[in-house]
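Structure at a glance
Chain by chain, the residues run as shown.
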Amino acid sequence: MNTEALVQLDHAHVWHPFTPMQQWRATRPLIIDRAEGFELIDTEGRRYIDGVSSIWCNVHGHRVEAIDRAIRAQLDKVAFSTLLGLGSTPSIELAARLCAIAPPGLDKVFYSDSGATSVEVAFKMAVGYQHHRGRPEKNRFIGLRGAYHGDTTGAMSVGYCELFHRPFLSMVFPTRFVDAPDALRAGEGAPPASEGRWPSEDPDRAAWLREQCLGSLDRLLDRHADETAAIVIEPVMQGAAGMICQPEGFVRGAAELARRHDVLLIADEVATGFGRTGTMFACDREGVTPDIMCLAKGLTGGYLPLAATLARNEIEAAFCGPVDAARTLYHGHTYTGSALACAAALASLDLFESAGLIEHVGRSARLIAERLEALRGCPRVADVRQRGMMTGIELVPGAGPTAADLCLAVRRKGLILRPLGDVVVLMPAPAMPGETLARMLEIVVGAIAA
Ligand SMILES: *Cc1c(COP(=O)(O)O)cnc(C)c1O
C-alpha cells in the first residue's frame, strides 16, 4: 500500500494513544515501515534515529539477530499456552532469571502484559497481603505527586494528572500524595541553585528537597499508616512526570520509612528497569529491595508485550492456605506469561551479559553528560536532569520554541523525539552505539542552541 493510501486509512480508522486526534488528522503522519538497528525507516525510505527507544521499550536496537532467532525458535515450539493451572518452559526459565538479577529477596514472579497491569497486580498483592494478615483497613496507597503508573483505573488513581483524568475522576479511588522531590517546581523555601549549576545537580538543594519530601512522607505515615497498604514510587527518576530525578538517598529513605511505619514499598521500575539509569534496576543504585517491583517496557528488549510483578516470598505466602480460606490471588490476564514474549526476554537478558551492556550504559551516560555541557548557561534551558541514559532537558517556557516545536525540528534532521510538557526527553536505547548517540546529541544541542 502506498503512503497516501496509508495516511488516508490511518486518518479514517486509527485512534492514536495520547494523541489529540483532531490535530493529528490535520497533519501528515510519519508512518514507520521497518527498522534497522537504532534507526526507524518510514514508508518513503527515510531514516530516523529512534531517540525515545520506541516509547522507552527498545533496549538492544531493532531486528537484533539473537532476539529474532529466539522468537523464531520459540514459534517452532509453541507461541502461547496458558499459565492458568499450567506451566510453560520459557516462563519458568525467565522467572528464575529475573529473581537472580533482581534486588535480593524478590523471589516470586507474577506475569502480565503491560506496565499498567503489572501495577494493578502490585496493588492487589499489597491490599490482599494486608487483608490476609488481618489488617484489612490498610487498603489505601501513598504516591508521589505527578507520578505515572499507567492508564488503567487503579494505576491512574495513584498517578493523578489533572489534564488526563478530569473526565474520569468518578472512576479513581482516593489516594494520598506527597510532593515529589521535584528539582525545579518544589515549593517555597528551596535554596536556589548555585551559580553555574543546574537546579537538579546542586547538592545543597538536592539534600534540602530530599529531607523535605521524606519529612512530609513521614508525617503522612504518622497520621495514616493504619489505613495504608503501600507507598508507590518510581525509583530514582519519575519518567512521565517530566524526567524528575530524585536526590541520592531518597529511595533508601522511602524504604526505611515504609519499614518503620509497617507499610509496603512498591517500586514501579517499568521505565527505569533494564539498565536505563546505569544499573540493572534503579533500586540497585541505592541498595534497596522493595517489597514489590513492577517491570514491563524493556523486559523483552522492546519486542513484545510482557510484564512481571516481583514480590517477596512473605507476600506470596500470605495468599497461601486451604482453598476454602479464600486466600488465592484470583487475578490474571489471558496472555499472561506468553511463551513468545518470555523467549524474547530470555534472549534480551543473555545480551545484557554477552554485550556487557551495563558497562556500556556507563560510558554512554558520560557521553550524554559531556555533550550536554554545551547547554550550560543557555538562557533557554531551565534544567538538565540525567540518571544513566534517562535524560530530560527542561526548557524555559516562553523563551523560544517549545519542546514540541523542537521535537518537530529534530525530526527534519533525522531524529525522533517526543516531548513531555516543557521537557525534551532523551531516551536512547541502552545499547545505542557511541557514534549514533553522539549524532543524536549533536542534533539536539544544535536545535536548542540555534
Ligand atoms: C510506561 C509506564 C507505565 C505503564 O506501562 P504500559 O505498558 O504503558 O501500561 C507504568 N509505569 C511507568 C513508570 C511507566 O513509565
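Residues numbered from 1 in each chain as written. Predicted model: local features only at pLDDT ≥ 70, side-chain atom pairs only at ≥ 80, totals over all residues. Heavy atoms only, no water.

1. A word on the sheet that holds strand S2 (residues 39–42)
To keep it simple, the criterion reads: DSSP bridges decide pairing: two strands pair if at least two such bridges lie between them. Numbering of helices and strands starts at the N terminus; helices are DSSP runs of H or I of at least 4 residues and strands are runs of E of at least 2.
If you walk across this open sheet you meet the four strands as S1-S2-S3-S15, and the pairing is mixed. Edge positions in the open sheet fall to strand S1 (32–36) and strand S15 (415–416), since each of these has one partner strand only. Bridge count between S1 and S2: four bridges; the pairing is antiparallel. By the bridge assignment for S2, glutamate 36 is matched with glutamate 39.

2. Looking at a nonpolar patch on the surface
Convention followed: Residues enter a patch when their relative accessible area is above 30% and they make no salt bridge; the linking distance is 9 Å between like charges and 5 Å between nonpolar side chains (Val, Leu, Ile, Met, Phe, Trp, Tyr). To measure how exposed things are, a 1.4 Å probe is used in the Shrake-Rupley method; for residues, cover is taken only from the protein chains shown. Only one rule defines a salt bridge in this text: a Lys or Arg side-chain nitrogen within 4 Å of an Asp or Glu carboxyl oxygen.
Where nonpolar side chains cluster on the molecular surface, the patch consists of Phe18, Leu163 and Phe164 and spans about 330 Å² of accessible area. Within the secondary structure, phenylalanine 164 sits in helix H8 (residues 162–165).

3. Brief notes about the site of the ligand
Our working definition: Here a residue counts as near a molecule or strand whenever at least one of its heavy atoms sits within 4 Å of it. Under the rule applied, a polar contact is a pair of N or O atoms within 3.5 Å (in protein, one hydrogen donor and one hydrogen acceptor; residues adjacent in sequence only if both atoms are side-chain atoms).
Around the ligand, the surrounding shell consists of Trp56, Ser114, Gly115, Ala116, Tyr148, His149, Gly150, Glu234, Asp268, Val270, Ala271 and Lys297. The contact in question runs from an oxygen atom of the ligand to an N or O atom on the backbone of alanine 116, over 2.7 Å. Here a nitrogen atom of the ligand sits 2.7 Å away from a polar atom, N or O, in the side chain of aspartate 268. Protein coverage of the free-state accessible area of the ligand, which is 380 Å², stands at 82%.

4. Digging into the sheet that holds strand S6 (residues 176–178)
What counts here: Here an angle of 0 to 180 degrees is reported between the N-to-C directions of two axes, which are lines fitted to C-alpha atoms, with helices fitted over the stretch in contact. Pairs of residues are marked as contacts when any of their non-hydrogen atoms sit within 4.5 Å.
Read across the open sheet, the seven strands follow the order S4-S12-S11-S10-S7-S5-S6; overall the sheet is mixed. Edge positions in the open sheet fall to strand S4 (106–112) and S6, since each of these has one partner strand only. Across the sheet, the mean angle from the axis of one strand to that of its neighbour is 20 degrees, orientation sign disregarded. With four bridges joining them, strand S5 (residues 140–144) and strand S7 (residues 228–233) adopt parallel strand pairing. Counterpart to glycine 143 in the pairing with S7 is valine 232. Strands S4, S5, S7, strand S10 (264–268), strand S11 (292–295) and strand S12 (307–312) of the sheet are contacted by helix H6 (residues 115–132), whose axis makes an angle of about 25 degrees with S12.

5. What to know about the domain arrangement of the protein
Note the following rule: Each domain's extent is set by a domain assignment, obtained either automatically or from a database.
Here the protein is described as being made up of domain 1 (31–63 + 356–449) and domain 2 (68–355). The centre of domain 1, based on its C-alpha atoms, is set 25 Å off from the matching centre of domain 2. There are one salt bridge connecting domain 1 and domain 2. Residue glutamate 201 pairs with arginine 376 through a salt bridge whose shortest N-O separation is 2.6 Å.

6. Thoughts on the environment of serine 112
Heads up, the rule is: Buried residues are those whose accessible area, probed at 1.4 Å on protein chains only, stays under 20% of the maximum for their type, while exposed residues exceed 50% and partly exposed ones sit between those limits.
On the secondary structure map, serine 112 appears in strand S4. The buried category is assigned to serine 112, whose relative accessible area is 0%. With 220 residues separating them along the chain, serine 112 and glycine 332 place their C-alpha atoms 7.2 Å apart. Beyond its immediate sequence surroundings of up to four residues, serine 112 is in contact with Thr117, Ser118, Leu306, Ala307, His333 and Thr336. Within polar-contact distance, the side chain of serine 112 engages the backbone nitrogen of serine 118 at 3.4 Å.

7. What about the side chain of threonine 228?
Residue position: threonine 228 is located in strand S7. Classification of threonine 228 by relative accessible area gives buried; the value is 0%. Within the structure, the side chain of threonine 228 is placed 2.7 Å from the backbone oxygen of histidine 224, a separation counted as a polar contact. When near neighbours in sequence (up to four residues on either side) are disregarded, threonine 228 contacts Gln130, Lys138, Asn139, Arg140, Ile142 and Val263.

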